[in-house]
Amino acid sequence: MKSAVSPGLSTIIKYESCVSIGQGNASLFEDTPEFYATYQMQNVKNHRIYTDKIRLSVVELNHIELATEEDRLHKIDQWAKLFKIKTWEELKAMAATDQYMESAADTMYELSADRMIREQCRRRAEYELYQKYQAEENARKDAVIAEQSAVIEDLKRQLAKAQRKD
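What counts and how
Residues numbered from 1 in each chain as written. Predicted model: local features only at pLDDT ≥ 70, side-chain atom pairs only at ≥ 80, totals over all residues. Heavy atoms only, no water. Phe/Tyr/Trp six-rings, centres within 6.5 Å; stacked < 30°, edge-to-face > 60°. Helix = DSSP H or I, 4+ residues; strand = E, 2+ residues; numbered from the N terminus. Buried < 20%, exposed > 50% of the residue type's maximum accessible area, 1.4 Å probe, protein only. Axes fitted to C-alpha atoms, helices over the stretch in contact; angles between N-to-C directions. Parallel < 35°, antiparallel > 145°, perpendicular 65-115°, else oblique. Contact = heavy atoms within 4.5 Å. Nonpolar A, V, L, I, M, F, W, Y, C, P; charged D, E, K, R; others polar.

**Some points on the packing of aromatic side chains**
- By the definition in use, this model includes two aromatic pairs.
- A ring pair is formed by Phe 29 and Tyr 39, whose centres lie 6.1 Å apart and whose planes are at 55 degrees; its orientation type is tilted. In this pair, Phe 29 is assigned in the loop between strand 3 (18-22) and strand 4 (36-40) and Tyr 39 in strand 4, connecting sequence segments ten residues apart.
- The class for Phe 29 is partly exposed, based on a relative accessible area of 41%.
- Judged by relative accessible area, Tyr 39 falls into the partly exposed class, the value being 28%.
- Here the aromatic rings of Trp 88 and Tyr 109 are separated by 4.9 Å at their centres, their planes lie at 80 degrees, and the arrangement is edge-to-face. One end of the pair, Trp 88, is in helix 3 (residues 88-95); the other, Tyr 109, is in helix 4 (residues 99-165), with 21 residues separating them in the sequence.

**Some words on the packing of helix 3 against helix 4**
- Between helix 3 and helix 4, the least distance of the axes is 8 Å, while the angle of their chain directions is 155 degrees. Our classification of the angle between helix 3 and helix 4 gives roughly antiparallel. Residues Trp 88, Leu 91, Met 94 and Ala 95 of helix 3 lie in contact with helix 4, whose contacting residues are Met 101, Glu 102, Ala 105, Met 108, Tyr 109, Ser 112 and Met 116.
- Class assignment for the residues of the contact of helix 3 with helix 4 results in nine nonpolar, one polar and one charged.

Structure (C-alpha cells):
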C-alpha cells in the first residue's frame, strides 16, 4: 500500500488499486457497455482529477466481446475468460497457455479443494438422510399394505361365510 500527501493538507491518503469483476447480465452503464473501464475521482465542477493514485477498474464478464486491442494485448480478455470457465478441464487447458494463469489456476484449485471436500461431505450426508427417509417411507408403506392385506383377508372370510349361508 502506498500513500500520498496532499500539498497544504495534513492528511495522508492511503490507496490501493481496486478491480471490480461484474458477472451479472446487466452492464454498469446500459447505454455504453464496455468490457474493461477505469474510473477515477474528479472534481465535479472543473473536472480536475483528484489524484491518479485512486482508481477503480471494472471488468464486465458479459462483454468480453467488446475487448479492445489494448485489452487483448494485456490479456485482460483471457483473464476474464478464466472467471467464466465451468470445469477443471477447461481451467487446466487455459492454464497451460500461460505460466501466470497456471499459477492462478493452481491457487484456485488449492483454495477450492477444501470447499470441494466439504461439498462432497454435504452431498454424502444428504444422500444418507435421503436413504433413511426412503427406508422409513418404505417401512410405512409396507405397514399400510400389511394392514390393508389383513382387512382384505378378513373381508374374503366374511364373504365366504356369507356365501355358505346362502
